[in-house]
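Fold and geometry: a report
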Amino acid sequence: MTVQELPGAAGYRPVPPPAWKPLTDPAPLLPDPEPYRVLGTDAVAGVDPRLLSRLYAELVRGRRYNAQATALTKQGRLAVYPSSTGQEACQVAAALVLEERDWLFPSYRDTLAAVARGLDPVDALTLLRGDRHTGYDPREHRIAPLCTPLATQLPHAVGLAHAARLKGDDVVALAMVGDGGTSEGDFHEALNFAAVWRAPVVFLVQNNGFAISVPLAKQTAAPSLAHKAVGYGMPGRLVDGNDAVAVHEVLAGAVARARSGGGPTLVEAVTYRMDAHTNADDATRYRSEDEVVSWRDHDPVLLMERELTGRGLLDEAAAGAVRQEAERMAAALRERMNADPVLDPADLFTHVFARRTGPLREQEERLRAELEAESEQRGAQGQRDGRKQDERDAEGGR
């Protein structure tokens, strides 16, 4: 006999327990239907002109940085470079909204954000050069290692932010990820933990249209990536990712909310990847040139130039000075990257354990002995070659 066959079953209507009721009103968490914009609207009149000029200078510098790093791959000085050309507004804004005590958690495409935060341009490229180390001290710069696996930096950001709050440290973590990273389990786990713990973390999704060659429509059926925030109990914000002022304003608000104990925010910045996924990718196989051209009029550098020029805050002399400064940065980057790095094989054992284990010490001693033997062999061979050359010189003088 089933439950429905029991006497009185027709009048039985199960009532869910009180726990089913929403923990949070979803309405305030929903993103606006259109990306938030500032440039070209009345809202720009209230923006500090100094911020506009700072953003413009960083955008121009960032565009030149991307171009120079891409050129270095063609010269064999970089193994790979994922350009952020077209996404500079997201990169610059993410760096500028953070206080020195805060932490940035970048993905592999976010070298520009690290440089805009103050990291040495060469150090930012060390990992992409093929070095096994990050190239910089994460604790010194408050920048986590550039993350090549998709979205694994997001749970790390949540953990650090939660730990900082438990310690009473006034720290916010800003984690950057691409639209492709939102399809990874780490993304969902990070958002869930962050919301439950009300961790002081901000998630910035740079929706540049493609996860390598996979368009967003083949990754999700959600109205927007910002809508995913509601399912975890945090606000979702949708912003024009090529409007540097808008991205800065939205991120600044999210950082302030996190710092005051309001919990995490998911920000989706709608932007476009003008270059290929990396220098090893052929983007013409999955997108048309017409699509790329259509985004050029919405270039973040061009948008800022139009605004500053229209308000009388930028003339040709000032723009030229900004470009010259960017060229000096690029020239210094070229010169320093053209020098081969000095590698010490002993570094293999430096950052494995805080205290070296017995097997590690044995491996280090074995390597040292092999290197010394090779050095002695080269020295002996050099002496033999020298004697042979002396003999040839003597024969030639007879």
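To be clear, the structure that these remarks concern was listed above.
These lines cover the structure that appears in this document, whether it is placed above or below. (Residues numbered from 1 in each chain as written. Predicted model: local features only at pLDDT ≥ 70, side-chain atom pairs only at ≥ 80, totals over all residues. Heavy atoms only, no water.)

**Some words on the nonpolar core**
One broad rule of soluble globular proteins: the nonpolar side chains tend to lie buried together. The biggest cluster of nonpolar side chains holds 63 residues, and the ones touching the most others in it are Tyr56, Tyr65, Leu125, Leu174, Val202, Leu251 and Met304. Among the elements that make up this core, the one with the highest residue count is helix α8 (residues 244-259) (nine residues). Excluding residues that lie within four positions of it along the chain, Leu251 makes contacts with Ala93, Ala94, Val97, Leu174, Val202, Leu204 and Val267. Residues Phe105, Phe187, Ala195 and Val205 belong to the second largest nonpolar core, which totals 27 residues. (Core = buried A, V, L, I, M, F, W, Y, C linked by side-chain atoms within 4.5 Å. Buried < 20%, exposed > 50% of the residue type's maximum accessible area, 1.4 Å probe, protein only. Helix = DSSP H or I, 4+ residues; strand = E, 2+ residues; numbered from the N terminus. Contact = heavy atoms within 4.5 Å.)

**Brief notes about the packing of helix α1 (residues 49-74) against helix α2 (residues 88-96)**
Close contact between α1 and α2 brings their axes to 9 Å; oriented N to C, the two are set at 125°. Taken together, the axis directions place α1 and α2 in an arrangement best described as oblique. The way α1 lies across α2 gives a crossing that is right-handed. Facing Arg54, Leu55, Glu58, Leu59, Gly62, Arg63 and Asn66 of α1, the residues of α2 in contact are Glu88, Ala89, Val92 and Leu96. When its residues are assigned to classes, the contact of α1 with α2 shows five nonpolar, two polar and four charged. (Axes fitted to C-alpha atoms, helices over the stretch in contact; angles between N-to-C directions. Parallel < 35°, antiparallel > 145°, perpendicular 65-115°, else oblique. Left-handed = near helix turned anticlockwise from the far one by under 90°. Nonpolar A, V, L, I, M, F, W, Y, C, P; charged D, E, K, R; others polar.)

**Side note on α8**
With 16 residues, α8 should cover 22 Å at 1.5 Å per step; its first-to-last C-alpha distance of 22 Å lies within 8% of that length. Buried residues of α8: Ala244, Val245, Ala246, Val247, His248, Val250, Leu251, Ala254, Val255 and Ala258, and no others. Of the residues trailing α8, Gly261 is marked for its positive phi of about 95°. (Expected span 1.5 Å × (residues − 1).)

**Points about the packing of α1 against α8**
Between α1 and α8, the shortest axis-to-axis distance is 10 Å and the interhelical angle comes to 110°. Comparing their axes, α8 and α1 come out roughly perpendicular. At the point where α1 passes α8, the crossing takes the right-handed sense. Of the residues in α8, those touching α1 at Leu51, Leu52, Leu55 and Leu59 are Ala244, Val245 and His248. In terms of residue class, the contact of α1 with α8 is made up of six nonpolar, one polar and no charged.

These figures come from the coordinates and say nothing about function on their own.
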